[in-house]
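Coordinates in review
Next come the chains, spelled out residue by residue.
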Amino acid sequence: MIFRPSRRLLTLPRLVLLVLLIALGLLIHTAWPFLFYPATTLSFDIPAPRPSTVQDGNLAGVAEVDITPAIGLPKFGYSAWARSADGFRTRLKARAFYLHGAGQTPMALVQLDLGAGSLPLQYAVAERIAAATDIPAHALSLLVTHTHSGPGQYLGSDFYNVFGSQSPGFDPVLFDFLAKRISQAVIEAYRTRRPARFASGQSEVWGLTRNRSLGAWARNHRLPEQQWTEERALEAINPRMSQLRIDLMADDGRYYPAGALTLFSIHGTAIPAFTRPYHADVWHWLAQGIEPAGKPLPWRFVHGTVQATHGDNNPAWTAGLRGDREARRIGTALGEQANTLFHQLGHELRDDLHTAVASRELDLLKLDEEQRHGLCQRPIIGAAVAGAANGDEVFPISYLPYLKEGWPRTVFTDGCQGVKQWMLSKLQLALAPARYPHRALFQVLRINDLVLVALPWEITLESGNRIRAAVSATLPDPGWTVAISSLANGYFGYATTEAEYGAQYYEGGHTLYGPHTVDFLSAQSARLSNDLFQQGNQNQHPGQATFVLRSHRYWPEPPPERTWSRQWQGEARYMTGDATHEPYWRWRFRGEPAAALPLHLPLMAVVDEASGKVLVDDDSGDLQLLLVEDQGEDGALYEVRWHTPSNPGHPGDRALHILAGAAPRLVSPIF
C-alpha cells in the first residue's frame, strides 16, 4: 500500500490557523509575567550619611568583595539564548574606590562584574552605607563590566527583568545579596582610607576590538559598501584606555600602589551564548593584568575595570575560536596594556585631589519638550533586537526578513520612532511605558583632570564621540580627559546616532527612545557638566524612591542546616582540551546540595602538600566549579577543573582541597 499525505493538511486556512495559534502562544508567554507574577515593592528613604571628619590631606581607600551568586540563576545579556548558571569559571567581583579630597564631597566609585547597572540597586547600596560612611547618595556611582555571563533579575524595570534573561522576573533574594555584598565593599574601602596620591591618564589599544556593526557605523561618514572591510572594522573602535591610579600611605610613612580603575570599550561577549558558568569574561584577565612594583605590598592590590563606549565594539576573537581561550588571550593582552599605563602613571603621582560631583535623576516620561531634544515620548523595542547582534546570530531568526539587521521600515516613517520596525507591531502599546526603563541617573564626576560621565545606556563609538565633545565644550580649560562609562546605575538599552539608527541593525533596534537619543544624552550631559563647573556640586538625587517590580524567586531555598559529607568520585583525569577550551585536570566529588554551596566564599585550592603552599586558588580564574547533578537533600555531584596547570602531565606532591563550609574539607589523593 502506498501512503499519500492528505492535501487537506496543506490548505491555506489550516496554515493561517497554525500561525495564529503560534502567535497566540507567544503572546501568552510574553504577557504572563506582567499579568500574573506577584509584585515586589522596594521603598527607599536614604538618610544623611555620617559627617565627614575634618582633615588636612586627601584620603582614599580600596576594597574588593566577591559577588558570585548561587548556582541556578538566570543570566543577563543573551536574553532567550542564555542558560542558568551551573557554577563559575571566574568569580564575579565588586571593587570599591573611596575618594575624599580635603573639604570636598566624599565619593565612591564601584566596579561590578555585572551585565548592567540598576537604579534600585544604587538606592539600596546608598541606603545601606549611610550609617557607616560619609558618602552621600548622589556621590555613589555603580559602574559595570557588562559581562554577558553574570546574573540577571535585579534590574529596575519589568521590561529588562523579563526579557534581559532567559527567565522572567525580579528576584528579591538576589537583589538583597548584591546590595549587601556591594555595600560591604564600599564600607571596607571607607574604613581602610589613608592618605593617598593620585594619577590619571590614557593610552591607545588597537587590534583587540572590532566594530561588529560596520555598516551602521559607516553611515555616519557616508562610506560606500566596498570600504566595509575587516581592516576598517578594526579601526572603527574606541581605542582609549583611561585609568586612575591610587597609591596609599602605609604605616611606615611610604606610599605603595593600592588600586587602579581602568575604563575600556569592549563588549563582554568573548564567552558566547548558551555557556552556563558565571564568568567575568575578558574583564577577569584584564583586572588581573596589573603587577605593581615593590612587592610584597602592605595590602592586596585592587584593580577595577569598567565599560566605556562599547555599544558596537566587540572583542576581536579569532573566527571559529570564540570561548575560554580567546577570552583569556584578549583579556590578558588588555591587562598588559593596563599594566604599562599603570607604571607610566607612577611617574605622575600627585598629592592633591580635586573632586566634584553632579548627579541628576530624570524621568523620561515626564520631561517637557524643551528638555527632550527630540526624545520620543515613550519607548519601543525594534524587531531587529530579535535578530541579535553580529556575532550572536541564531538560525533562522537572525536571517528572517523584518527581524534581520538592515531592514528598516520604508512606509509610515513619520512617527517619532521613524524607520524602526516595531516588535509585535501595535501590540507593544499594550505594555505601559512605565514598565520600560524611564528613570535615569545622569552623573558627571571630576577627579583632578579626569571627567567621568556615567550614563545608563550602551553607547556606540560615534555616539560616545558626540557626547564627549559636548561635555568637553563645557570645560573651563583645555587639557581635561573626558571618559564615558556606559550602563552605569541602570539599563536603558542602546544609544545610537541618527544615521546608525536609520540602518536598523541590532543597536538601532534596541535604541528604545528613538533616533534622537544621542541628541538628548549630549544635551543633558553637557548641561550637567556646565552646571557642575559653573555652579559647583549638583545634588539632584531624590534620595526617596519606590519601585514596583514583577517578581519571581530563582535563588534556591536553603536546605536544612546540617553537616554534609563529601566523597571523591574516581581519580583525577587530565583532559587535553580543544580549539576553544583549554586543557585541564578534572575531579568529581559528591557533597552538599547546590543550595548549601556559597559561591561567594573561597571553595577550592591546589596545594603543594610538601610545603603547604597554595599553588592556585579559585580567585585565579584557573579553578572552575560545575554542578553535574543536584539531588536536593540527598546532595549533589560536582566537577572541578584546573585549567592550564604547570607541568600538567607529571605526578607530584599536589592535591586539590575542597575547603570546609557546609561540609568538612576534602583533600584529593596526590596527583
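Before any of the text, the structure's been laid out above.
Read on for an overview of the structure. (Residues numbered from 1 in each chain as written. Predicted model: local features only at pLDDT ≥ 70, side-chain atom pairs only at ≥ 80, totals over all residues. Heavy atoms only, no water.)

Quick look at the overall build of the chain
- The number of helices and strands found in the chain is 13 helices and 31 strands.
- Its C-alpha atoms give the chain a radius of gyration of 25 Å, within 12% of the compact-globule value 26 Å for 671 residues.
- In terms of overall dimensions, the chain has a C-alpha envelope of 80 × 80 × 50 Å along the principal axes.
- By the burial criterion, 59% of the 671 residues in the chain qualify as buried.
- Restricting the contact set of the chain to residue pairs at least 6 apart, pairs at least 24 apart contribute 79%.
- Total accessible area on the chain stands at roughly 26900 Å², and carbon and sulfur atoms take up 54% of it.
- In the chain, 60 positive and 65 negative side-chain charges are present, and the distance between their average locations comes to 5 Å. (Helix = DSSP H or I, 4+ residues; strand = E, 2+ residues; numbered from the N terminus. Rg over C-alpha atoms; globule rule 2.2 N^0.38 Å. Buried < 20%, exposed > 50% of the residue type's maximum accessible area, 1.4 Å probe, protein only. Contact = heavy atoms within 4.5 Å. Areas by Shrake-Rupley, 256 points an atom, 1.4 Å probe, with all protein chains shown as cover. Lys, Arg positive; Asp, Glu negative; His and termini not counted. Charge placed at Lys NZ, Arg CZ, Asp CG, Glu CD.)

Description of the sheet that holds strand S12 (residues 255-264)
- In space, the eight strands of this open sheet follow the order S7-S6-S5-S2-S9-S11-S12-S13, with mixed pairing throughout. The open sheet has two edge strands with one neighbour each: strand S7 (140-144) and strand S13 (302-307). Here the average twist between neighbouring strands, direction ignored, is 25°.
- Across the face of the sheet, helix H8 (residues 324-345) comes into contact with strand S9 (194-204), strand S11 (240-249), S12 and S13 while running at roughly 55° to S11. (Pairing = 2+ DSSP bridges. Axes fitted to C-alpha atoms, helices over the stretch in contact; angles between N-to-C directions.)

Observations regarding the pattern of salt bridges
- What the rule picks out here adds up to 30 salt bridges.
- Measuring nitrogen to oxygen at the nearest pair gives 2.7 Å for the salt bridge that ties Arg-566 to Glu-592. Of this pair, Arg-566 sits in the loop between strand S22 (544-550) and strand S23 (567-568) while Glu-592 sits in the loop between strand S25 (584-591) and strand S26 (604-608); the two residues are 26 residues apart in sequence, bridging distant segments of the chain. With respect to class, Arg-566 is no different from Glu-592; both count as buried.
- Each of the salt bridges in this network shares a partner with another, and the network as a whole consists of Glu-64, Lys-93, Arg-95, Asp-113, Arg-300 and Asp-619. (Salt bridge = Lys/Arg side-chain N within 4 Å of Asp/Glu carboxyl O.)

A closer look at helix H10 (residues 461-472)
- In a regular helix each residue adds 1.5 Å, so 12 residues correspond to 16 Å; H10 covers 16 Å between its end C-alpha atoms and thus fits that length.
- The complete set of buried residues in H10 reads Leu-461, Glu-462, Ser-463, Gly-464, Ile-467, Arg-468 and Val-471. (Expected span 1.5 Å × (residues − 1).)

Focus: the sheet that holds strand S19 (residues 481-485)
- Read from one edge to the other, the open sheet built from five strands follows the order S19-S17-S16-S15-S21, with strand pairing classed as mixed. If you trace the sheet from one side to the other, it starts and ends with S19 and strand S21 (538-540), each paired once. Going from strand to strand, the sheet's axes swing by 15° on average, the running direction of each strand aside.
- With three bridges joining them, strand S15 (residues 355-363) and S21 adopt parallel strand pairing.

So, unusual backbone geometry
- Following Phe-395, the chain continues to Pro-396 via a peptide bond in cis, the omega torsion being 0°.
- With respect to the helices, strands and loops of the structure, Pro-396 is situated in the loop between helix H9 (369-372) and strand S16 (439-447).
- A positive phi angle is found at His-373, which is not glycine, with a value near 55°.
- Following the sequence through the fold, His-373 ends up in the loop between H9 and S16.

Remarks on the packing of aromatic side chains
- Counted by the stated rule, this structure contains 29 aromatic pairs.
- Considering the side-chain rings of Tyr-494 and Tyr-506, the 5.5 Å spacing of their centres and the 85° angle between planes classify their relative orientation as edge-to-face. Of this pair, Tyr-494 sits in strand S20 (residues 494-495) while Tyr-506 sits in helix H12 (residues 506-509); the two residues are 12 residues apart in sequence, bridging distant segments of the chain.
- These aromatic residues form a ring-pair network of at least three members: Phe-34, Phe-76, Phe-159, Tyr-160, Phe-163, Tyr-436 and Tyr-491.
- Here Arg-245 stacks its cationic end above the ring of Phe-342, 4.0 Å away from the centre of that ring. (Phe/Tyr/Trp six-rings, centres within 6.5 Å; stacked < 30°, edge-to-face > 60°. Lys NZ or Arg CZ within 6 Å of the ring centre and 35° of its normal.)

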